[in-house]
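A structural walkthrough
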Amino acid sequence: MRIPLDYYRILGLPLAASEEQLRQAYSDRIVQLPRREYSQAAISSRKQLIEEAYVVLSDPKQRSTYDQLYLAHAYDPDNLAAAAVALENRPESTKRGTSTQSLGIEITQDELVGALLILQELGEYELVLKLGRPYLVNKNGAKSARKGNNLADEEIHESAEHPNVVLTVALACLELGREQWQQGHYENAAISLETGQELLVREGLFSSVQAEIQADLYKLRPYRILELLALSQEKTAERRQGLELLQNLLEDRGGIDGTNNDDSGLNIDDFLRFIQQLRNHLTVAEQHKLFEAQSKRPSAVATYLAVYALIARGFAQRQPALIRQARQMLIRLGKRQDVHLEQSLCALLLGQTEEATRVLELSQEYEALAFIREKSQDSPDLLPGLCLYAEQWLQHEVFPHFRDLANQQAFLKDYFANQQVQAYLEALPTDAETTNEWAVINPQYFPQPQTNNSSFPNNSTRNSGQFKHSRTPTPDLDLPETPEYSNFSPHIWNSSGSVKSEVPAAERTSRGTNQHLNGSAKSVTPGHNQKRRRRKPTPSASRGRVPDNRPHARRPRRRRTFANTIEGKTRLVWRVFISLVSILVFWVLATTTFGWLKNLFFPTRSVPVFQLFVQINQPPISIPDPNSKPQSLDGPLGDATAEEVILTWLSTKAEALGPNHEINNLEQILTGSALSQWRLVAQQDKLDNRYRKYEHSVKVESVEKIELFADRAAVVATVKEVTQLYENGQFKNSSNENLRVRYDLIRQRGKWRIQSTSVVNQIIR
C-alpha cells in the first residue's frame, strides 16, 4: 500500500532543516506518544517509520539523493528521468519506500497503523478516513464471509492492527468534527462525530472514546439547532430535524426554565438567551406548538411565550379563537405577575371594548397607560389610544420575533373587517360572562339588526354596541360552546384610522351600571320588568328588519327607571338645592362665631412689619450667564449615555437576581417584553431559592439611531459577564462569558429604557 508521505513530513521539518533541527525533531517525535488506548504494536509501527525517515535524512549522501527526488516531484513532476537515476543510486536498504511516479512510501499491512497515526498527528484527518475506511470495509466483508462459511479457525486469526485502525479512524472523525465546529459548520461536525461514534459502537470498542464523542455531540446540539432552523422554509426535512433536536434538548433539561443537566454546558441565563435567539428562526405556527406544549410542565416563561405566539397567529391568520386561548393563559399567569395590559389587548381583539377598558385601568404599566391616555384626550373613553397602542405593540414587539411575520403590517381595521373574525366575535359571550368576575349576571337581550355589508367600507356604517342572541355557534367555524346570550361590540373606523364607538358614552355607562345592578339579584327595576315582558323576536325576523327607529322606540321605557313624573324630579332637585344652601349657611355661621370667640379670649399679637431689602441695580435672584450652554434632556443618544444605560441594566439585573431579589427595580430600566420576561426569571429564581452574583464589564461598539423614530435607538456592546450560581445558599457552578449584545432602547419621559436584547455573537462554553 502506498501512503502519500515523505520523510520531511514524517519528522515535521522543512527541506532546508539543519542537522541540529533534524536531531531535535527526531527526539521530540520519539518521545511524543499517542493516546493510551493504542496497543504496543501500533506504537512500534509508528516508531519504525520515524526511525526510517531519520536514517535517510541523517546520512548526507542519502539525503542528497532523496532531495533530488523530492525537488523533481515538487518542481518538475513531468521529467522524472533524473529522479529515476537518483533512485537507482540509493542503497538497497532504502529503496523500498520510494517511487518515481509519486512522492510517497510503500508500507506493509502491519505498518498501516503507524502511517495513519502519523497522518493524524499532522492533521490530515480526511486522508486518514480515505485510507482507513476501505481497510475496515474489506475487513468487515471478509469477517462476514468467514462467518457464513463457518470457518472458525480463520475467524480466530484476527489481525492485531484492526482495533488500532478502528481507533485511529474514530479519532480522525472526532478531530475533524471539532475542526468543522470551530469553522462554524455545525451539522457537518455532527455528521463526522456521529460517524466515529457509530464505528466504535458497531465494533464494540473503546467506551471511553465513545463517551468523549457523545459529550461533544451534546454540547453541539444548540449550535446545530440554530443552524438547521435558520435554513429556508423550503428545506422541511432539515428544519424538522432541528425541531426534534430542540424537543430532545428541552426534555433532557426539564423545560425552558428547567434545572436538569442536559450536558450542553448552558446555564439558565445562557439557555434563555439561546431561546430568545432561536425565536427569530421559528415561524408563528412552530412557536405556537412548541411553547404551548412546554407551558403544560408548567413553565411561566413558556406560558408567556405561548401567549405571544397565540396572539400573533390569531391576529395574522384571522383566528380569534387563538386570541381567546391566549387570554385564558394570561388569566392563569396573572396570579404571579401583572399582565393586565396584555389581557386588555386580548379583550380588544375579541371585540369586548368595555372589558378591555376595565382591565386596562388595573394595569401598572404606567408608561403604556400614559401613551394611551395621551392618544385618547378627545374621546370619552380610552379606546382610540388603546387601538393605536395595540397596532404599534403588534408591529414592533410581537411580529419581529416570528420569521414569517417580521415584515407583516398590523392593522386593526383589516382584522375586524374579516368575515370569519366577525362571525366568531358575534358568537362570543358577554364581557362579564367571559371574565366571570361578578357573582351573578342576568343577561339582557338586545336584538341585533343586520346589514348586507360584511366588511367596514369607508362610506358605510355598522351598528355597534349590539348584542346578538345565538344559541349555537356557526357550523362552519371551529368555535367553542357559548352560552345562550352573547354580545359583541365591533367598531367603526373613520378615514383617519382611529376607532369610534357608535354607542354614546352615557349610554355605555348606563348599560354597564344596569348590568352591575342586575348582577346583585336583590331587586328588579321597573325597566327590567318591562324588558322581560317583551316578546323575544326570532333570529330570522331580527335579520330581516331594517334598523329604522327600533332603538328610539325603547329609550323612553329604559329612561323611566328613576321617577314616574316630572314633578317628582323637580321636588328632588329642590330638596338637594335647599340642603346644600342650609349646609353652606350653617358653615358660615359656625366659622364666624368660632373666629369671634377666639379673638375675644385669645387675642393675637401684632406682627412687626419688616421692609424687604431689594436693590434696583442688583436682581433678587442670580441670572445665569448668557454664554453658558443649556443642558438638554432631549438630545441624541451618545456612547457615554448608552454605556451608562447598559451598566444600569446590568447592576439592576444583579440586584434582581441576587440574594435580595429586588425585582421591582427592573421597572426603572426595562420596559415592554424585556421587563415581563426578566421579571418572570427573577420570580422563578426566588421561588426556587436560587440567586446569582455577577461581575460585568461593558464596552460600547456602536450606537445606531433610527431616523423614523427619534425616541428609539440600537446599541451594540461587548459585555463580559462572570456568573456564580447559588442554590439553597450553596455554590452550584460558575461561568465566564464574552458576549456581543444588541440592545434596543426607547426613550420614555426623557429616560432611556431597554425594550429588548439579543445576542449577536455568543461564545458558549
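Summary of the structure given here. Computed from a predicted model, the values in this text were never measured in an experiment. (Residues numbered from 1 in each chain as written. Predicted model: local features only at pLDDT ≥ 70, side-chain atom pairs only at ≥ 80, totals over all residues. Heavy atoms only, no water.)

1. Brief notes about the overall build of the protein chain
Secondary structure assignment for the protein chain yields 30 helices and 10 strands. Each of the 765 residues in the protein chain was classed as buried or not, and the buried ones make up 45%. Residue pairs at least 24 apart in sequence account for 65% of intrachain contacts in the protein chain once pairs closer than 6 positions are excluded. About 42100 Å² of surface is accessible on the protein chain, with carbon and sulfur atoms providing 52% of the total. (Helix = DSSP H or I, 4+ residues; strand = E, 2+ residues; numbered from the N terminus. Buried < 20%, exposed > 50% of the residue type's maximum accessible area, 1.4 Å probe, protein only. Contact = heavy atoms within 4.5 Å. Areas by Shrake-Rupley, 256 points an atom, 1.4 Å probe, with all protein chains shown as cover.)

2. Thoughts on the pattern of salt bridges
Under the defined criterion, the tally for this structure stands at 35 salt bridges. Across the pair arginine 178 and glutamate 212 runs a salt bridge, and its minimum N-O distance is 2.9 Å. Taken together, the residues span a long stretch of sequence, with arginine 178 in helix 9 (residues 162-182) and glutamate 212 in helix 11 (residues 207-229) at a distance of 34 residues. Of the residues examined, arginine 178 reaches a relative accessible area of 28% and is grouped as partly exposed. A residue is classified by how much of its surface remains accessible, and glutamate 212, at 25% relative accessible area, is partly exposed. Two residues, lysine 653 and glutamate 721, come together in a salt bridge whose shortest N-O distance is 2.8 Å. A residue pair is termed long-range when its members are at least 10 positions apart, and lysine 653 in helix 29 (residues 639-656) and glutamate 721 in strand 8 (residues 712-727) qualify at 68 residues. Take lysine 653: its relative accessible area is 3%, and that puts it in the buried class. Members of the salt-bridge network, linked through shared partners, are Asp269, Asp685, Asp688, Arg690, Arg692, Glu727 and Lys732. (Salt bridge = Lys/Arg side-chain N within 4 Å of Asp/Glu carboxyl O.)

3. Digging into unusual backbone geometry
With omega at 10°, the peptide bond leading from arginine 297 into proline 298 counts as cis. By the element assignment, proline 298 lies in the loop between helix 14 (284-294) and helix 15 (300-316). Here phenylalanine 206, not a glycine, exhibits a phi torsion of approximately 50°, which is positive. Position of phenylalanine 206 among the secondary structure elements: in the loop between helix 10 (186-203) and helix 11. Judged by relative accessible area, which is 18%, phenylalanine 206 ranks as buried.

4. A closer look at the environment of serine 676
Among the structural elements, serine 676 can be located in helix 30 (residues 672-687). Using a relative accessible area of 3% as the deciding quantity, one classes serine 676 as buried. In this structure the C-alpha to C-alpha distance between serine 676 and valine 339, which are 337 residues apart in sequence, comes to 8.5 Å. Discounting chain neighbours no more than four positions away, the residues touching serine 676 are Tyr304, Gln337 and Glu342.

5. Focus: the nonpolar core
Core analysis: the largest hydrophobic core is formed by 105 residues, its most contacted members being Ile256, Phe274, Leu278, Trp649, Leu670, Val715 and Tyr743. Sequence-distant contacts of leucine 670, that is, excluding residues within four places in its chain, are made with Trp649, Leu675, Trp678, Arg753 and Ile754. (Core = buried A, V, L, I, M, F, W, Y, C linked by side-chain atoms within 4.5 Å.)

6. What about the side chain of glutamate 111?
Mapped onto the elements of the fold, glutamate 111 is located in the loop between strand 2 (105-106) and helix 6 (112-121). Overall, glutamate 111 belongs to the buried group, its relative accessible area being 6%.

7. Description of a nonpolar patch on the surface
Residues Trp574, Phe577, Ile578, Val581, Val585 and Leu589 make up a contiguous nonpolar surface patch of about 610 Å² in total accessible area. Within the secondary structure, tryptophan 574 sits in helix 28 (residues 566-601). The class for tryptophan 574 is exposed, based on a relative accessible area of 52%. (Patch = residues over 30% accessible without salt bridge, like charges linked within 9 Å, V, L, I, M, F, W, Y side chains within 5 Å.)

8. Considering the side chain of serine 756
Along the chain, the position of serine 756 falls in strand 10 (residues 751-762). Of note is the side chain of serine 756, whose polar atom sits 2.8 Å from the side chain of aspartate 744. Not counting the four nearest positions on each side in its chain, serine 756 is found in contact with Ala674, Arg742, Tyr743 and Asp744. (Polar contact = N/O pair within 3.5 Å; in protein donor to acceptor, adjacent residues only side chain to side chain.)

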